[in-house]
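Below are the chains, spelled out letter by letter.
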Amino acid sequence: TVAGRVAAAMAMSVFVTRRIPAEGLRVLSQASGCRVQQWDSEEPVPRAELLAGVAGAHGLLCLLSDRIDREVLDAAGPGLKVISTLSVGFDHLALDEIKKRGIRVGYTPDVLTDATAELSVALLLSACRRLPEAAQQVRSGGWTTWKPLWMCGYGLSDSTVGIIGLGRIGQAVARRLKPFGVRRFLYTGSGPKPESAAEFGAEFVPLARLAEESDFVVVTCALTPATQGMCNKDFFARMKKTSVFVNTSRGAVVNQEDLYEALAQGQIAAAGLDVTTPEPLPTDHPLLSLQNCGECARAGSPSSGTGGT
């Protein structure tokens, strides 16, 4: 009918860039006057399909793996009013350009706080107690008998933990580590957060001092021009040889070549990585050849990148 065609023409069009939980898609589909188009796959939408799918859309629901830049915004046209990202971080969005066009942005700042904090602690414990190495020795026959000094790791009791980015997730990590008997918490970031730090008696210090004094370093900051590549050769050179490094923020915060050298040469003891560049790492990447470097795939969560909030 004419009325039906008019209603269809007036419907809000939303493009969804991935197969998302059914409940979320149902909410969109049942919204009055909302027409949903979806890239129905577990794999990222190809660039050409993204540009075609967003054309004429009023809303865009994307993921961390989708680079939303000027080209995408131009392809969408002036009707695009809202972009929502199923992630905690938003460094994949060209925010300055989006702001110029008056487009509203939504994200999920607290949905993964507990999950990412728990994963950070799991990676830390796994790395400091050398669990991946020990498991491999069991499988390969390297475990021959009990040896007093074999596979000894490093304990949290009476240790110093340095947290880069004391936002929601950084605080949640500290809250979980405190009962392990951590003696001191250090943190660094864009500025002091005395109210947040008070719960843990955490001290705000420069990045270099955090590297030098921490037994464990946990990275939970946002990826920004200031933080990109900041965990580099100089940073790892300042760390103790017995220190453990954990990154659950963004892969690009770390210079991976420098991290590899630090681990391979025994400059630091071990690392636990939830994020890398690229993701996933190629199976022949040097980091994957190291026994003292553990990785964790982010199964079952849209993004454990923290955004440092």
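Analysis parameters
- Per chain, the residues get numbers from 1 upward, laid out in the order the sequence is written.
- The predicted origin of the model limits local features to residues at a pLDDT of at least 70 and limits the giving and counting of side-chain atom pairs to 80 or more, whereas totals for whole chains, interfaces and linings rest on all residues.
- Only hydrogens and water are removed before side-chain values are computed, so all heavy atoms of the structure are retained for them.
- Lining residues are those with an atom within 4 Å of a point, where the points come from a 1 Å grid over the protein atoms alone and group into cavities, where a 1.4 Å probe fits but cannot get out, or pockets, open sets with protein on both sides within 12 Å along at least five of seven lines.
- Grid points are joined across faces, edges and corners, and a volume is the space filled by probe spheres set on the points.
- Numbered from the N terminus, helices here are DSSP runs of H or I no shorter than four residues, and strands are runs of E no shorter than two.
- Any residue that is not Ala, Val, Leu, Ile, Met, Phe, Trp, Tyr, Cys, Pro, Asp, Glu, Lys or Arg is counted as polar, Gly included; the first ten are nonpolar and the last four charged.
- For the exposure calls, accessible area comes from a 1.4 Å probe over protein chains only, and a residue counts as buried if that area is under 20% of its type's maximum, exposed if over 50%, partly exposed in between.
- Two strands make a pair as long as DSSP finds a minimum of two bridges between them.
- By the criterion used throughout, a crossover qualifies as right-handed when its path from the first strand across the helix to the second strand runs clockwise, the strands pointing away from the viewer.
- Each axis is a line fitted through C-alpha atoms, taken for helices only over the stretch in contact, and angles between the N-to-C directions span 0 to 180 degrees.
- Residue contacts follow a heavy-atom distance rule, with two residues in contact if any of their heavy atoms lie within 4.5 Å.
- Two rings from Phe, Tyr or Trp (for Trp, the six-membered ring) form a pair when their centres sit within 6.5 Å of each other. Planes less than 30 degrees apart are called stacked, planes more than 60 degrees apart edge-to-face, and all others tilted.
- Two conditions define a charge sitting above a ring: the NZ of Lys or the CZ of Arg must be within 6 Å of the ring centre, and it must be within 35 degrees of the ring normal.
- Counted as salt bridges are all cases of a side-chain nitrogen of Lys or Arg within 4 Å of a carboxyl oxygen of Asp or Glu.
- Working definition: roughly parallel below 35 degrees, roughly antiparallel above 145 degrees, roughly perpendicular at 65 to 115 degrees, and oblique for all remaining angles.
- In this scheme, a crossing is called left-handed if the near helix is turned counterclockwise away from the far one by less than a right angle; it is called right-handed if the turn is clockwise.
- UniProt positions are given in the numbering used here, feature names are shortened, and annotations may be inferred rather than shown by experiment.

Participant: Any chance you could explain the layout of surface pockets here in plain terms?
Facilitator: Approximately 350 Å³ is the volume found for the second largest pocket. Lining the second largest pocket are 17 residues, and of these Val14, Leu28, Leu60, Leu61 and Ser84 sit closest to its centre. Those elements that provide at least two residues to the lining of the second largest pocket are strand E1 (12–16), helix H2 (22–30), strand E3 (59–62) and strand E4 (82–85). At four residues, the largest contribution of residues to the lining of the second largest pocket is made by E4. Within the lining of the second largest pocket, the residues separate by chemical class into eleven nonpolar, six polar and no charged.

Participant: I tried to follow the pairing of strand E6 (residues 160–164) on my own but got confused; where do I start?
Facilitator: One face of the sheet, then the other: side chains in a regular strand alternate in exactly this way. Where burial is concerned, most of E6 is hidden: five out of the five residues are buried. Every second residue of E6 is oriented toward a common face, with Thr160, Gly162 and Ile164 on one face and Val161 and Ile163 on the other, all of them buried. Summarising the sheet, E6 and strand E7 (residues 184–188) pair through five bridges and their orientation is parallel. Directly across from valine 161, in E7, lies its bridge partner phenylalanine 185. In this fold, E6 hands off to helix H8 (residues 168–177), which returns the chain to E7; that crossover is right-handed. In this sheet, strand E9 (residues 216–219) lies alongside E6 in parallel orientation, the contact comprising four bridges. The residue bridging valine 161 from the neighbouring strand is phenylalanine 216, located in E9.

Participant: Any chance you could explain the sheet that holds strand E2 (residues 34–38) here in plain terms?
Facilitator: Paired through their backbone hydrogen bonds, the strands of a sheet run either parallel or antiparallel. If you walk across this open sheet you meet the five strands as E2-E1-E3-E4-E5, and the pairing is parallel. Of all strands in the sheet, those with a lone pairing partner are E2 and strand E5 (104–106), marking the two edges. The average angle at which neighbouring strand axes cross in this sheet is 15°, direction not considered. In this fold H2 packs onto E1, E2 and E3, with an angle of close to 140° to the strand it touches most, E2. Strand contacts of helix H3 (residues 47–54): E1, E2 and E3, with the helix running at about 170° to E1, the strand carrying the most contacts.

Participant: Explanation requested: the packing of aromatic side chains in the structure shown.
Facilitator: Within this structure, the stated rule accounts for six aromatic pairs. On the basis of an interplanar angle of 85° and a centroid distance of 5.1 Å, the ring pair of phenylalanine 90 and tyrosine 107 is categorised as edge-to-face. A residue pair is termed long-range when its members are at least 10 positions apart, and phenylalanine 90 in the loop between E4 and helix H5 (95–100) and tyrosine 107 in the loop between E5 and helix H6 (113–128) qualify at 17 residues. Ring geometry for phenylalanine 236 and phenylalanine 245: centres 5.2 Å apart, planes at 85°, overall edge-to-face. As far as the burial class goes, phenylalanine 236 and phenylalanine 245 line up, both buried. An aromatic cluster is present here, built from Phe235, Phe236 and Phe245 joined pairwise through their rings. Lying across the ring of tryptophan 150, lysine 147 places its NZ or CZ 4.8 Å from the centre.

Participant: Is there a simple way to think about the pattern of salt bridges in this case?
Facilitator: Two side chains bearing opposite charge may form a pair once their charged atoms approach each other closely. As enumerated under the stated definition, the model contains 22 salt bridges in all. For the salt bridge of glutamate 133 with arginine 130, the shortest nitrogen-to-oxygen distance reads 3.1 Å. With relative accessibility at 10%, the residue glutamate 133 sits in the buried group. Here the salt bridges do not stand alone but share partners, grouping Arg70, Asp74, Glu97, Lys100 and Arg101 into one network.

Participant: Quick question: what am I supposed to make of the packing of H6 against H8 here?
Facilitator: It is at 8 Å that the axes of H6 and H8 come closest, and there the two elements cross at 50°. Our classification of the angle between H6 and H8 gives oblique. Every pair of crossing elements has a handedness; the one defined by H6 and H8 is right-handed. For the pair formed by H6 and H8, the contact residues are Thr113, Asp114, Thr116, Ala117, Glu118, Ser120, Val121 and Leu124 on the first element and Arg168, Ile169, Ala172, Val173, Arg176 and Leu177 on the second. Residue composition of the contact of H6 with H8, grouped by class: seven nonpolar, three polar and four charged.

Participant: Explanation requested: the UniProt feature "domain: D-isomer specific 2-hydroxyacid dehydrogenase NAD-binding" (unreviewed entry) in the protein chain in the structure shown.
Facilitator: Residues annotated in UniProt with the feature "domain: D-isomer specific 2-hydroxyacid dehydrogenase NAD-binding" (unreviewed entry) correspond here to residues 121–293. The span residues 121–293 shows a helical share of 31% and a strand share of 14%, and its end C-alpha atoms are spaced 15 Å apart.

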